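# A closer look at the structure
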Amino acid sequence: MYTFVAIMKRIVPFTIYWAVSLILLAVILCSTGYRMAEALLMSTSLMPIAILFRQMTAHISFAANRGQAVRSLICIMLFTLTIAILAVHLSHVTILYFYHQIPIRGLGVPPMLLNPVFLLAMFVLLTIGDYSLDRFLEKRMPESEETITFSSDCQSMPLEGQENPLSENHKPITFISNRQSVTLTKQEILYVESCDTEVWIHATGNRRFRNKTAISSWARLLGPEYLRIHRSYLVRLSACTGIDRDNVIIDNINLPISRKYKEVTLQLLKKDEQ
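Cut-offs used in this document
Counting restarts for each chain, with residues numbered from 1 along the sequence as it is written. The predicted origin of the model limits local features to residues at a pLDDT of at least 70 and limits the giving and counting of side-chain atom pairs to 80 or more, whereas totals for whole chains, interfaces and linings rest on all residues. To obtain the side-chain values, all non-hydrogen atoms of the structure were included, while hydrogens and water were left out. Confidence scores labelled pLDDT are given residue by residue by the predictor and lie between 0 and 100. The contact criterion used throughout is that any non-hydrogen atoms of two residues lie within 4.5 Å. Strand pairing requires that DSSP identify at least two bridges connecting the strands. Helix and strand definitions follow DSSP, with helices as H or I runs of at least four residues and strands as E runs of at least two, each counted in order from the N terminus. Note on method: axes are straight lines fitted to C-alpha atoms, helices fitted across the in-contact stretch only, with angles between N-to-C directions ranging 0 to 180 degrees. Each residue is placed in one exposure class: buried if its accessible area under a 1.4 Å probe, protein chains only, is under 20% of its type's maximum, exposed if it is over 50%, and partly exposed if it falls in between.

## Focus on the confidence of the model for the protein
Per-residue pLDDT for the protein has a mean of 81; in total, 80% of the residues score no lower than 70. Long-range and interchain partners of residues 150-166, a stretch whose pLDDT sits below 50, account for 10 contacts in this model, where long-range means more than four residues apart.

The structure is reproduced here in structure tokens:
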């Protein structure tokens, strides 16, 4: 269970990282003709966009559907560039309004700030730095298996006079996602996807939650109603809506079946279809 101190130990480093990044970007912008106060205003307008870019790209997975992932990445990049250019123009107009004699050649927006290559490179570098910091903190303060908890046996026992206790599929499961506590039932979890050092919990309602517990631990904790079909995928049998020789289908999403798990997967799921 995360305490307030443990949460702060993870939040503070990220706050410092983005604050330092803001100052460094302001120093770089000073070379375009802005004074420090003006450069800080400009970099402040770009930092939220960089954070948004980091959060949106974190939800892209190339494991299940690379084509869709590439399209999503392109859309995110175009959206981010559009918002960034609008923010640059708005900040520049604000600077011109409050500083009538600013030393900017021609009073126009510096070309560097309208260069999509520069903007994307800046967002990518900041994202890589944030991701690297997240990996470092995970090694120092890992979210262990104990971050997943099920309701206790006493919670699932019927009260006096109660005939229908909670079924196994409706017992609450609590875990940590993005440093926040999340509670779901088994019935809400469609499949678990492993991505490098983290996993994504895909739930009903098109919801996704990131967690640091290994997929093998999730398989053990969720039980036999969940089937491992790939080193990266653990699916709920009752959520599968179709199957072929290479894929399991859940909510129109194709999840690949690896050679190691193919025989058992085909046997169980085709048996369920009959």
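This is not the end of the story, as more comes after the structure.
## What to know about the sheet that holds strand β8 (residues 233-236)
If you walk across this open sheet you meet the five strands as β6-β5-β4-β8-β7, and the pairing is antiparallel. Of all the strands in the sheet, the pair left with one neighbour each is β6 (207-211) and β7 (226-230). Between one strand and the next, the sheet's axes are offset by a mean angle of 20°, whatever the strand orientation. Where strand β5 (residues 198-203) lies against β6, five bridges are found, and the strand directions are antiparallel. Its bridge partner lying in β6, valine 199 is registered against asparagine 211.

## A look at unusual backbone geometry
Note: most residues except glycine have negative phi, and most peptide bonds are trans. Phi at asparagine 206 takes a positive value of approximately 60°, unusual for a residue other than glycine. Mapped onto the elements, asparagine 206 comes out in the loop between β5 and β6. Classification of asparagine 206 by relative accessible area gives exposed; the value is 76%.

## Details of the pairing of β7
Strand residues, when the strand is regular, have side chains that alternate between the two faces of the sheet. With four of five residues buried, β7 lies mostly within the body of the structure. Sheet topology places β7 next to β8; four bridges connect them, and they run antiparallel. Each residue of the ladder has a partner; that of histidine 230, found in β8, is tyrosine 233. Adjacent in sequence and paired antiparallel, β7 and β8 are bridged by two residues.

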